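This is what each chain is made of:
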Amino acid sequence: MNEAKARMGLGGTDWRRSLLDVFSRRGVRGTGYGLVVVFFIFLVLLPTLFVLSYLFTGWNDIQTVVLADPAKMDIIWNAIGLSFGVAFFVTFLDLIFGLPLAWFIVRRNFRGKSLLNTIIDSPLAVPTAGLGISVVLFWGVIPNLANRPAGAWSLFGGTSSPFWILVLLHLTTTFPYMVRSLAAILDEIDLEYETAARISGASKLTAARTITLPMFRSGLATGAILCLAKALSETGGVMAALTLISGRVLDENSALNGTALIGVWKGSYDAGTSALLPALTFVSVLMILFSLLLLVLVKVLTLKFHIPWKKVWPSAEARLSKGAAPRVRDGATFFFLAIMVLVPSFFIAAYMATSSPTQGVDWGMFTNGLLLSFGIAAAATAVDLLLGIPLAVLIARGKFKRLGGILDTLVNIPYIVPSAALGLSLGFFYRNMGIRGFDILLVTLAHVAFTFPFVVRNVVGGLEGLDRGYEDTARTLGARPFQAFRKIIFPLIKPSILAGAIMAFTRSIGETGATISVSGNVQTAPVLIVNYIKQDPSTLRPRDLYTAGLLIAVLSIVTFVAILLMRFVTRRRRKNA
Amino acid sequence: MMPTVELRKVSMRFGKVTAAEDVSLTIKDGEYLAILGPSGCGKTTLAKMVSGIWEPTEGDVYIDGRRVNGIPPEERRVGYVFQNIVLFPHLTVWDNAAYSPRVKGLDRPQQEKIGNEALELVEMLKESDKFPSELSGGAQQKVGLARALATRAGLLILDEPLSALDARVRMELRYTLRKLVKNLGLTAIHVTHDQEEAMSVADRIVIMRKGKVVEDGPPSELYHNPKQLFTANFLGESNFLEGVVDRTIDSWAVIELRNEQFLRVRGDGLRRGQAVVVSIRPEHLTLAKVAAAPMLTGKVQDVHFAGAYVRYEVAVRTGDAMIVDAMADEARFNTGEDVIVLFDLEHVRVYPRPYAGLQEALKLE
Amino acid sequence: MPNIFLRGIAKRFDGRIAIDHIDLEVKNGEYMAILGPTGAGKTTLLRMIAGLTQPDEGDVLIGGKDVTKLPPEERELAYMSQTYSLFPHLHVWDNVRFSPEVKGLPPTDTDRLAREMLLLVGLLDRRDAYPKELSGGMQQRTALARALAAGTNVLLLDEPLRALDARLRIALRLSIRKLCKDLGVTALHVTHDQEEALLVADRVAIIRHGKIEQLGLSRQVYNDPVGPFVAQFLGEADFFLGEVDVVTQEKTLLHSKTRHWEARPSKLHPGQDACLAVKSENVRVLKDGEDAVNTFEAEVTRRLFLGKFIGLEMTSAETTLPVKVRLRAEEGEQIKEGSKVRLAVEPRNFMVFPIPPGGLAKELEVE
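Being a predicted model, the structure only gives us computed values, none of them experimental.

### What about the overall build of chain C?
- Tallying secondary structure elements over chain C gives 10 helices and 20 strands in all.
- Projected onto the principal axes, the alpha-carbon positions of chain C cover approximately 75 × 45 × 35 Å.
- The 367 residues of chain C split such that 60% are buried.
- Counting contacts in chain C only where the partners sit at least 6 residues apart, residues at least 24 apart contribute 65% of the total.
- As displayed, chain C offers around 14600 Å² of accessible surface, 50% of which is attributable to carbon and sulfur atoms.
- Measuring between centres, the 49 positive side-chain charges of chain C sit 2 Å from its 53 negative side-chain charges.

What follows is the structure, encoded as structure tokens:
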């Protein structure tokens, strides 16, 4: 023992230890973190918000060209109104039906729970452009489409209202997020609180309402914010859906929401109508500002909002807790899940089964689109990890708690900002600096920006869930911070890193809005999908619904496999912890 | 009349894991029963089955003669105190205590009467407006007790109620608990892994291990006359010496221990040649300079001061390490001294040597 | 040369004083217990010595070296937390090897050290098990082996027995001390359990509200407490009030409204208001006809069986607080609830203290 102790003082003198010594020095580590923060600000944050500066630099133009033009203002307010109206209504529906479903998943033990979870997540695998097409195929009016499979539309003729179609679309894009975040928070509330309530004499419903729900507010807030953000941000699906029900190429006189308007005007701008610039940026600015405002509002409201728990109705609530009532509730929930979310999400498969491509499939363009999508997604994810992991460590483990808090809030911004507006802003940021061309690079940078929060949030979550005792003990045993990270922290947060990476990757693959608003030339798969359903002026029908469907199928399968992988990995983590 | 409780051959299985196996137990009206055992022995399982939080996989549970299997917890009249206290964090102390009458739909004056009474009983009425997070652990658990008492149930179940608290706080609350329960005349089931706690509060203790009942009886009976080796080791501490019965003479037996040391003890029920284990508690041994049977010679290895008593570690001639406790003012021996270890004959117990080996029988976890 | 030296250590959290200027010397090879209620600052103190928390003021010296500004990995010590923090993704062998490995020791020495420590705690045959497969006691021993394999002279233990069942605690208490003594390691053992502290330690430091109330050998802090808090925190004590009449070299004489008391010599002066304290096991129950100094009457309200002892709670006219008495099992056999008894205290067992500034009741709060 004593000779070992004596030798301990020496330590190895090889080059690895010298390198470790250098990098462990506080100054070097500090500089490293500083660089990461700088990169975050210049690569992600600034480009995202750059367009806001236009409010000042271009105020004159905005005043004269936009504010003074009542027709333009009408278009803008209608679009924004549609965006926010749909977002609120959908979030409301998500809450109503998502809560009982989340409860069911968390509180009941049954075989096949994992299968149910995967099923609920499955719409996330479909690129949103595909969801737009599927939803309209199921619910909406599509002028001049042959071989249309029977769906809900057969019962009442189908809806051509933009509001309702967008609501139905966004149920498929947001419901899984709501259920997931509600379930995650509910899982953290110890069942013992409900048990304590019930043993005191409260029925299941009373216990849930007076005890669990009030403890649950942060979960409701998170879920609401996620859904609102997703609904406001969505472009590809919206454009696809609105195109299909209108039966023609969208222009500024069609019924549009905020992101579709950005898409349409950007298209015109690229085609040469440079006078649209002030209107385009003004809409983007408004979308960004209102989204940020909404985020703050929701956070504040949920803190103030009190779920009433003082009044009880013992006999009524007891009756609702047993027998028929819960079964009706579960039935309605699963009916909602099936008919409003699952079937519409995959309905394009029904179309594929009964038709064939109108033109020959252009395999070249098809493959290019896929490769481009995967390539951009992979590159963006890689940058996210490189930048995001150190940033997450800084937020969760940094010495300066306040800095960590500020960064944590800032990281959410690219997430809340609608991706179409983000893309526009980023495009302007770099082009203003004189960077021309490099469109693919710019699109990738935009994808980095809006996928960044996924990696950071997941890794921060993983770090915060990691018992500090492990690192503390490791360091007292002699491990330098790098050693502690490599040997202890990293292996234990691998699942979180992987989950974040997969979320980022899949989000990027399905993205339309940011891609279009940075550059009209980068034809990723989702962009191709939207093009394929634009109306062919000669036949007055969607150009090639079938090929669009093929693209959707390939993308969905890849994403689905990725989601399965993530479930598998995070389940292993829970077993080991 | 307070409720009686009966468990008839109850078992609890989770897939391959058996938490409790074939347990039968009766608790009388007004009895304070402790269920004692190491972690994982099934004691909490029993508490949850009586309260309705879990349904037994097999067997029946009766409260007051009525079969309660399948009746959910909100319809059984049971008060429950949790190990993790589990006060509702968003409610004040008063709202926590008065939760039961409120959710049962009692009117406001009744809620106030019951809530105030319960808080008064645990001396926490003055803290009514505080939130749980502002209270110390012991204070929180008192409120937990008030919440359980406010159910006005005659049956109180306490699931490791003091385990989360400091040792010193536990000592104080033990007195409070027993006093309250006895003054109100409640039937109580108190689950714990702390044998000192069980002995001090209970009328009767049930000892459990690995899902089964080992033995039961009043604390002093179990302490002075444990029928099982496990009880002798788990309840309080004991010294154990392995040996063989060398011969029996009248009512005595002479046991040959290791290293050809002999000990003369009471011979009831012992036969020549029988493999046995001799057990005696540390406080029933005395150190002396002058020999007197029964005894073993030895040398003091270490001396530790424990406050009210002094603990000697003595290596005796059999090769065993024995613990001897002496009252602080009577302790006069030092490390390294040769001593005689005198056995108090009345408290020597002899057990047949267990088939699976002594170590296995004595395992504490 | 003291192995651990704390000089004027102070720490605040959000304006609240956690540690209030503590000086402490732990001798080389000593096993010291730091005892106090939850929230007293014990864990904070330990973390500052380990380097996991920075003190606002003061210095920490280990082995004569000022380590106040050094990060944990550069201090020569090992730390074991209350929950052990065994690395869940590594099996026992890799857990125990961790310290020598990260310090750069050659693999043969690392393995040898790990094997030695696992042998010492008796877990060599479980080297391939993962922490979650082990029982509580085995996890604790693994954590101990891992800490000792760090090869340092100083071991910091934060409530090392708290996570274990009560009976297991009693069984494993002295084993940690033995290990440290055999290896010549200086140990600081933090706990809230006074019986544990008294048994395992050479010296005990009682800490409360961030200050050390008393530091001394087990016997000293138990039999000669410096004030009412320490008197009742170690073991159990009963308190009476009185006013000092006479102080001599051999005794202190006091009186209350109803009677006179004879107590230990003290440093108070005549006319001063005082409180008397006596340990529960030193209150004697008199037999019929027996007489003694400091006799008073009481009625038994509660009888608790405590195994070695019988605990009796009584009411008496001499004090508003309940009187707690501990008797040996044989002596307490006959006394039942409701019995009226005569109690006595030998003057040398009666401690005298000034009334604490905030009042006696506040001083005696255990939380």
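### Quick look at unusual backbone geometry
All names here are of chain B.
- With an omega of -5°, the peptide bond running from alanine 293 to proline 294 counts as cis.
- Along the chain, proline 294 turns up in the loop between strand 15 (285-288) and strand 16 (295-305).
- Located in the positive-phi region is arginine 152, a residue other than glycine, with phi close to 60°.
- Structurally, arginine 152 can be placed in the loop between helix 5 (137-149) and strand 7 (155-159).

### A word on the interface of chain C and chain B
- If you look at the interface, chain C gives 49 residues, while chain B gives 50 residues.
- Buried area between chain C and chain B, summed over both chains or domains, comes out near 4400 Å², and the portion from carbon and sulfur atoms is 55%.
- Among the residues of chain C in contact with chain B, Arg167, Phe305 and Lys308 of chain C are the three that bury the most area, contributing 18% of the side total.
- Taken together, the links from chain C to chain B amount to 4 salt bridges.
- In this structure, lysine 179 of chain B and glutamate 313 of chain C form a salt bridge, with 3.5 Å as the shortest nitrogen-oxygen distance.
- At the boundary of chain C with chain B, the tally comes to 18 residue pairs in polar contact (both at pLDDT 80 or more).
- Those elements that place two or more of their residues in the side of chain C that touches chain B are helix 4 (136-148), helix 5 (166-183), helix 6 (194-200), helix 7 (218-223), helix 8 (228-233), strand 16 (295-306), strand 17 (309-316) and strand 18 (319-328) of chain C.
- The biggest single contributor to the side of chain C that touches chain B is helix 5 of chain C, with 10 residues.
- Residues of the side of chain C that touches chain B, tallied by class, amount to 18 nonpolar, 12 polar and 19 charged.

### A short note on the pairing of strand 8 (residues 186-191) of chain C
Residues and elements named next belong to chain C.
- The buried fraction of strand 8 amounts to 6 of the 6 residues, a majority that puts the element mostly inside the structure.
- In the sheet, strand 3 (residues 31-35) pairs with strand 8 via 5 bridges, with the strands oriented parallel. Among the inter-strand pairings, isoleucine 34 is bridged to a residue of strand 8, identified as valine 190.
- Judged from the 5 bridges that link them, strand 7 (residues 154-158) and strand 8 form a sheet pairing that is parallel. Its bridge partner being in strand 8, leucine 157 is matched across the sheet by histidine 189.
- Regarding the hand of the β-α-β motif, the stretch spanning strand 7, helix 5 and strand 8 is right-handed.

### With respect to the packing of aromatic side chains
- Across all of its chains, the model carries 29 aromatic pairs over all chains by this definition.
- What links up through ring pairs into an aromatic cluster is the set Phe240, Trp261, Phe296 and Phe350 of chain C.
- One residue, arginine 148 of chain A, lies across the ring of tryptophan 153 of chain A, its end atom 4.0 Å from the ring centre.
- A cation sits over an aromatic face here: arginine 457 of chain A above tyrosine 415 of chain A, 5.9 Å from the ring centre.

### Brief notes about the pattern of salt bridges
Residues and elements named next belong to chain B.
- All told, the structure shown has 71 salt bridges over all chains when counted by the stated rule.
- Here glutamate 117 and arginine 152 are joined by a salt bridge, their closest N and O atoms 2.7 Å apart. Taken as a pair, glutamate 117 in helix 4 (residues 108-121) and arginine 152 in the loop between helix 5 and strand 7 lie far apart in primary sequence, 35 residues in all.
- Since its relative accessible area comes to 35%, glutamate 117 is described here as partly exposed.

### Focus: the domain arrangement of chain C
- When cut into domains, chain C gives domain 1 (2-223) and domain 2 (236-363).
- Look at where the C-alpha atoms of domain 1 of chain C and domain 2 of chain C centre, and you get two points 38 Å apart.

### So, the confidence of the model for chain C
Residues and elements named next belong to chain C.
- Here chain C averages 93 in pLDDT, while 99% of its residues score no lower than 70.
- Taken element by element, the predicted model of chain C shows its lowest mean pLDDT in helix 9 (residues 329-332) (86) and its highest in strand 3 (97).
- Quick note on the complex model: pTM equals 0.88, ipTM equals 0.91.

### Section: the interface of chain B and chain A
- In this complex, chain B contributes 25 residues to the contact, which on the side of chain A involves 23 residues.
- Roughly 2100 Å² is buried in total at the junction of chain B and chain A, and carbon and sulfur atoms are behind 64% of that figure.
- There are 2 salt bridges connecting chain B and chain A.
- Here lysine 322 of chain A and glutamate 75 of chain B are joined by a salt bridge, their closest N and O atoms 3.0 Å apart.
- At the surface where chain B touches chain A, the tally comes to 6 residue pairs in polar contact (both at pLDDT 80 or more).

### As for the domain arrangement of chain B
All names here are of chain B.
- According to the domain assignment, chain B consists of domain 1 (5-233) and domain 2 (237-362).
- For domain 1 and domain 2, the distance between their C-alpha centroids amounts to 38 Å.
- With 14 residues of domain 1 at the contact, the number on the domain 2 side is 17 residues.
- For the pair domain 1 and domain 2, the summed buried area comes to about 1200 Å², and 46% of that belongs to carbon and sulfur atoms.
- When residues of domain 1 are sorted by the area they lose upon contact with domain 2, Tyr223, Leu229 and Asn233 head the list and together hold 51% of the total.
- Counting the contacts that link domain 1 with domain 2 gives 1 salt bridge.
- For lysine 210, the salt bridge is made with glutamate 360, and the minimal N-O distance between the two is 3.4 Å.
- The interface formed by domain 1 and domain 2 holds 10 residue pairs in polar contact (both at pLDDT 80 or more) in total.
- Contributions of two or more residues to the side of domain 1 that touches domain 2 are made by helix 8 (219-224) and helix 9 (229-234).
- In terms of residue count, the dominant contributor to the side of domain 1 that touches domain 2 is helix 9 (5 residues).

Rules behind the numbers
- Residues numbered from 1 in each chain as written.
- Chains lettered and ligands numbered in written order.
- Predicted model: local features only at pLDDT ≥ 70, side-chain atom pairs only at ≥ 80, totals over all residues.
- Heavy atoms only, no water.
- Helix = DSSP H or I, 4+ residues; strand = E, 2+ residues; numbered from the N terminus.
- Buried < 20%, exposed > 50% of the residue type's maximum accessible area, 1.4 Å probe, protein only.
- Contact = heavy atoms within 4.5 Å.
- Areas by Shrake-Rupley, 256 points an atom, 1.4 Å probe, with all protein chains shown as cover.
- Lys, Arg positive; Asp, Glu negative; His and termini not counted.
- Charge placed at Lys NZ, Arg CZ, Asp CG, Glu CD.
- Buried area = accessible area lost by both parts, 1.4 Å probe.
- Salt bridge = Lys/Arg side-chain N within 4 Å of Asp/Glu carboxyl O.
- Polar contact = N/O pair within 3.5 Å; in protein donor to acceptor, adjacent residues only side chain to side chain.
- Nonpolar A, V, L, I, M, F, W, Y, C, P; charged D, E, K, R; others polar.
- Pairing = 2+ DSSP bridges.
- Right-handed = clockwise from strand over helix to strand, strands pointing away.
- Phe/Tyr/Trp six-rings, centres within 6.5 Å; stacked < 30°, edge-to-face > 60°.
- Lys NZ or Arg CZ within 6 Å of the ring centre and 35° of its normal.
- Domains from an automatic or database assignment.
- pLDDT = per-residue confidence, 0-100.

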